[in-house]
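The chain contents come next:
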Amino acid sequence: MILTKKDIKRHPDSSSTLFYHKEKLYRGLQSRELQFLDAISSCKYTQPYSKTDIKLRWGKELRTVIEHPIIEHLIKIQELTCKQSLKIVVGLCEMNVELLKKGIVLFDIHEGNIAYSRGEFVWLDYNAVAEIDSNYASYSFVKLAYIINSYVFKKDVQGGYSKYNGKSVNGHGGWLANHHKRYKGNCQSKEFWDELLTWVKTIKLPQKKNHWYNNYSNIMDVKHPEKVNPKAKIVSDLLDELEYKTVTDVACNKGYYTFLAIDKQQGGVESAVGFDYVEPCIDDADGFDKSLPATFVYSDIERLIRNEYREIERYSSELVIALAIVHHITFKHEIFAKLLANLTKKFLILEDINTAEVYEKALIKHGLELVKRISSYPGGRKLSLYRVK
């Protein structure tokens, strides 16, 4: 089968030949890129691909097409805590150490090629490698330094990714600059990357705890929710009535209700995402149980409303949980109700104090209907179960 540009739908996050066709995701590879495909796909941080009999007509070139894995609730590095970003940096260094043994190096390290899923770094691009030389190796290090400074140390890098260069690295000072100078800019040796990997593994990051971090019990017993608090038992009983395969937990704190919702389906949940704006809460949730299909995101409600990184499309789920959040919202309830409706594919569990009827009216306007409303904990709170009409 030969496809042309008219036959495909380009991926919205990609400037390359990453495209959709009949609800599957594909990538077209140039002939020069095929020689490195097996090497980069064998790295543990790269998702396995599938071969196809499809060819893509791209200008004068006929490109080989592979089927690209689709990752549910794929998270971008801009949405991660410092600690999560550090895990990505460790992964990038490990990839380069491994690829150097094969005579190649990552050369296109940037936000669009980096993702996070289920507590692990994921490298997305199968064609962002080149035969190692001093230019490609230096470029790889400089762009990695940009990721470290921007997302691990949260420095404001003027000019952003495109203007970050060797002068920028040295301008920031510190270990990275000294490392670069010590090797006189020669970044293509195994020793250079081994030493860099050793250093990033020793980085210690402070935890920025606030009162919300200690606001919830540290008891994470999903099998016995009554041991957590009365509300956990009420929510548990409500979840017993529902069937769903994906979960979004709005303002998840340390992820207890995310994990509870996963447990209730007895292996039936394929993917869950929880988000909160308290970094140590996200870090605790992220490290709780790697065997569960859950990803946790450092984000706030306002950014989701802006839909800055297409969060609505990526965070939507069959079940949306929004507990202990409504009474903290500072913008109009219609705006938050629309966000919740856009995220909800099947069911919504919403907790509120004095605004149940107000939210009911707004959610009905956006295509949901009330199934039931029950008393919650502490006293005066209500849990409302909605479903998509």
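You'll find the structure just up there.
Not measured: the values here are computed from a predicted model.

Trainee: Quick question: what am I supposed to make of the sheet that holds strand E12 (residues 246-250) here?
Mentor: Strand order in the open sheet made by the seven strands is E14-E13-E12-E15-E16-E18-E17, with mixed pairing throughout. Two strands in the sheet have a free side with no partner beyond their single neighbour: strand E14 (294-298) and strand E17 (368-375). Adjacent strand axes in the sheet meet at a mean angle of 15° when their direction is disregarded. Judged from the four bridges that link them, E12 and strand E15 (residues 317-322) form a sheet pairing that is parallel. Across the sheet, residue threonine 248 finds its bridge partner in E15, namely valine 320. Seen against the sheet, helix H9 (residues 256-264) touches E12, strand E13 (271-276), E14 and E15 and runs at an angle of roughly 160° to E14. The sheet contacts of helix H13 (residues 333-343) involve E12, E15, strand E16 (344-352) and E17, and relative to E16 the element is tilted by about 140°.

Trainee: Could you clarify how one ought to interpret the pairing of E12 in this entry?
Mentor: Most of E12 sits out of view: five of its five residues are buried. A two-sided burial pattern is seen for E12, the buried positions comprising Thr246, Thr248 and Val250 on one face and Val247 and Asp249 on the other. For E12 and E13, the ladder comprises five bridges, and the chain directions are parallel. Note on E13: the bridge partner recorded for threonine 246 is serine 271. Regarding the hand of the β-α-β motif, the stretch spanning E12, H9 and E13 is right-handed.

What counts, and at which threshold
- Residues numbered from 1 in each chain as written.
- Predicted model: local features only at pLDDT ≥ 70, side-chain atom pairs only at ≥ 80, totals over all residues.
- Heavy atoms only, no water.
- Pairing = 2+ DSSP bridges.
- Helix = DSSP H or I, 4+ residues; strand = E, 2+ residues; numbered from the N terminus.
- Axes fitted to C-alpha atoms, helices over the stretch in contact; angles between N-to-C directions.
- Contact = heavy atoms within 4.5 Å.
- Buried < 20%, exposed > 50% of the residue type's maximum accessible area, 1.4 Å probe, protein only.
- Right-handed = clockwise from strand over helix to strand, strands pointing away.

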